[in-house]
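Close look at the chain arrangement
Chain by chain, the residues run as shown.
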Protein chains: 2
Amino acid sequence: MIAALNPISESLCFGGKVGFYRHFSAICDSEMGFSVYQPPQAQSHAVPVLYYLSGLTCTEENFTIKAGVQRLAAKYGLMVVVPDTSPRNTGTPGEDKDWDLGTGAGFYLDATVEPWSRHYQMYSYVVEELPQLIAEQFPAIPDKQGIFGHSMGGHGALVCALRNPEHYLSVSAFAPILAPMRCPWGQKAFNAYLGANQEEWRNYDASELVQRGQFNQPILIDIGTADPFLTEQLLPEVFERACAAVGQVLTLRMQPGYDHSYYFIATFIEDHIRHHASLLT
Amino acid sequence: MIAALNPISESLCFGGKVGFYRHFSAICDSEMGFSVYQPPQAQSHAVPVLYYLSGLTCTEENFTIKAGVQRLAAKYGLMVVVPDTSPRNTGTPGEDKDWDLGTGAGFYLDATVEPWSRHYQMYSYVVEELPQLIAEQFPAIPDKQGIFGHSMGGHGALVCALRNPEHYLSVSAFAPILAPMRCPWGQKAFNAYLGANQEEWRNYDASELVQRGQFNQPILIDIGTADPFLTEQLLPEVFERACAAVGQVLTLRMQPGYDHSYYFIATFIEDHIRHHASLLT
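Now for a quick tour of the structure. Please read these numbers as outputs of a predicted model, since none were measured by experiment.

Conventions adopted
Residues numbered from 1 in each chain as written. Chains lettered and ligands numbered in written order. Predicted model: local features only at pLDDT ≥ 70, side-chain atom pairs only at ≥ 80, totals over all residues. Heavy atoms only, no water. Helix = DSSP H or I, 4+ residues; strand = E, 2+ residues; numbered from the N terminus. Rg over C-alpha atoms; globule rule 2.2 N^0.38 Å. Buried < 20%, exposed > 50% of the residue type's maximum accessible area, 1.4 Å probe, protein only. Contact = heavy atoms within 4.5 Å. Areas by Shrake-Rupley, 256 points an atom, 1.4 Å probe, with all protein chains shown as cover. Lys, Arg positive; Asp, Glu negative; His and termini not counted. Charge placed at Lys NZ, Arg CZ, Asp CG, Glu CD. Bend = angle between axes of the 7 residues up to and from the residue. Polar contact = N/O pair within 3.5 Å; in protein donor to acceptor, adjacent residues only side chain to side chain. Core = buried A, V, L, I, M, F, W, Y, C linked by side-chain atoms within 4.5 Å. Buried area = accessible area lost by both parts, 1.4 Å probe. Nonpolar A, V, L, I, M, F, W, Y, C, P; charged D, E, K, R; others polar.

1. Observations concerning the overall build of chain A
- For chain A, the helix and strand inventory stands at 10 helices and 9 strands.
- The globule rule puts the C-alpha radius of gyration for 281 residues at 19 Å, and the 17 Å found for chain A is close to it.
- When the backbone C-alpha atoms are referred to their principal axes, chain A occupies close to 50 × 40 × 35 Å.
- Within chain A, buried positions represent 62% of all 281 residues.
- In chain A, 72% of the contacts between residues at least 6 apart in sequence involve partners at least 24 apart.
- Split by element, the accessible area of chain A, about 10000 Å² in all, is 51% carbon and sulfur.
- Both charge centroids of chain A, one from 17 positive and one from 29 negative side chains, sit 5 Å from each other.

2. Digging into helix α10 (residues 262–280) of chain B
Residues and elements named next belong to chain B.
- Of all the bends in α10, the largest measures some 50° and sits at F268.
- Burial analysis of α10 places 15 of its 19 residues in the buried class, which makes it a mostly covered element.
- The N-capping residue of α10, defined by a side-chain oxygen 3.2 Å from the backbone nitrogen of Y263, is S261.

3. Points about the nonpolar core
- Membership of the largest hydrophobic core comes to 100 residues, with the highest contact counts inside it found for F34, F63, I134, I147, L158 and Y193 of chain B.
- Discounting residues that sit within four places of it in the chain, L158 of chain B has contacts with V171, A173, P176, L178, A206, I219, I221 and F239 of chain B.
- Grouped together as the second largest cluster of nonpolar side chains are 99 residues, F107, Y120, W201 and L234 of chain A included.

4. Concerning the interface of chain B and chain A
- With 22 residues of chain B in contact, the opposing surface of chain A contributes 22 residues.
- By the criterion of area lost to chain A, the three top residues of chain B are L12, I65 and Y263 of chain B, representing 39% of everything that side buries.
- The interface formed by chain B and chain A includes 6 residue pairs in polar contact (both at pLDDT 80 or more).
- At the level of secondary structure, the elements contributing two or more residues to the side of chain B that touches chain A comprise β1 (6–13), β2 (16–25), α1 (60–66), α2 (69–76) and α10 of chain B.
- Considering only residue class, the side of chain B that touches chain A consists of 11 nonpolar, 7 polar and 4 charged.

5. Description of the environment of S207 of chain A
Residue and element names in this part refer to chain A.
- Within the secondary structure, S207 sits in helix α7 (residues 206–212).
- S207 gets classed as buried once you look at its relative accessible area, which sits at 3%.
- C-alpha of S207 to C-alpha of A179: the two residues are 28 residues apart in sequence and 5.5 Å apart in space.
- If we skip the residues at most four places from it in the chain, S207 touches L178, A179, V238, F239 and A242.
- Only 3.5 Å separates the side chain of S207 from the backbone nitrogen of F239, close enough to count as a polar contact.

Rendered as structure tokens:
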């Protein structure tokens, strides 16, 4: 059965098409939104797909309008898919209480604890349901996938790639949360969504996952030295040590003076797109 | 006396700095906001300044976050200044009633009619007060100025340049309102801000102004053929005829399939920055 897709808007951009869509997610038992950029090459043949996972409070719109990705996706012939950061308006008690939990803060995990477990299944949504939908509805090459993201979404991208190296050929991140078990954002989310058992938390912590099995390709990470979340929330030194211990190739670039914003992302996105294109095309 | 400038935020971007600022405008008798991108070159020497005027409903933020201008301004060594589209919260009766009049819709003119005339002086603000402030507070070369804009702001850019060819060395526009006296947006605004005397309207209509005196350089204009405002509001054929009649050099490019959005602007902004850089640097 082909899933129903509701187009919200489509605009020509750099010879390709930016579209916003909504659909009913069976996994999240909720309507979900995402954006797709189809590069000009997709008019004649299927193209590789790059997934981008956004940070706390974002929707699929922030990256799509702010990063300047379309110029580069058109140049390198990549489709770019951006899901929302959580289900919305699900009626889950407390979903709109905090900006760093619930709405806009799905943390790309499958919640196991009530009341979140019914709708907050973003890990399975991103890894399984969304790629299946994209393969059905867009000219994508399903076995040529890469993934990247920012902050909470950088954490999500690394978790998806490290747990499914057979599904993703490339991974990178901007200012990712690299050791969520050890930082306030991660601890709050994991406690709420996964409960107190920290063994479960390890399945969603890049610094833990990399110790179980490496990613086949170098991991590219950019972080600004003026990022206000650097020392309390991102913890690059923990991930760097974990990678070194197991021999994971990591290109971690500390960018002098840059902050956590999309101005930082826009500055370095060309390097990330080139990184993914070299592994996907 | 140096005017007081209130910095709201500053972020590193492509080696330069994106900043948002607020100040009290004497001309508008109101607080005003604007953004400035200082390219890396501005750290060592003064640089030319390119003003961008935004369309209806925008603030200084839309273009600054959506157009991808910083990469190009850094490449060509241009400062980019983006004012807000009107004063806000002035207490003017009716300022928030319509989306195409009052707040977000200053039309870059000096209102002569009550209740608008006290605060809605965007023409003098853009042409006089803001450049003076920029010259005082930023490393700008005051006699190397260009101007461009989108929709209502494309109208504004053309009006500013055609009335002050001695102050602007370059002008271009995305989907500008080209004959405001003949379109609904323009007629509504001119009636409200300038009154019923259409002689006054001619001072703010590019298709009229070009007949009084040409701009010294070619004018570059891009418009998408899928722009929903093309035939009712933009009226490129009127401006094209007026330019042809007086020998004004005009590069009017109708871009197949593009709409009125920032996805259209982002696609063609490199050509515009190159156009301005060739005349400013």
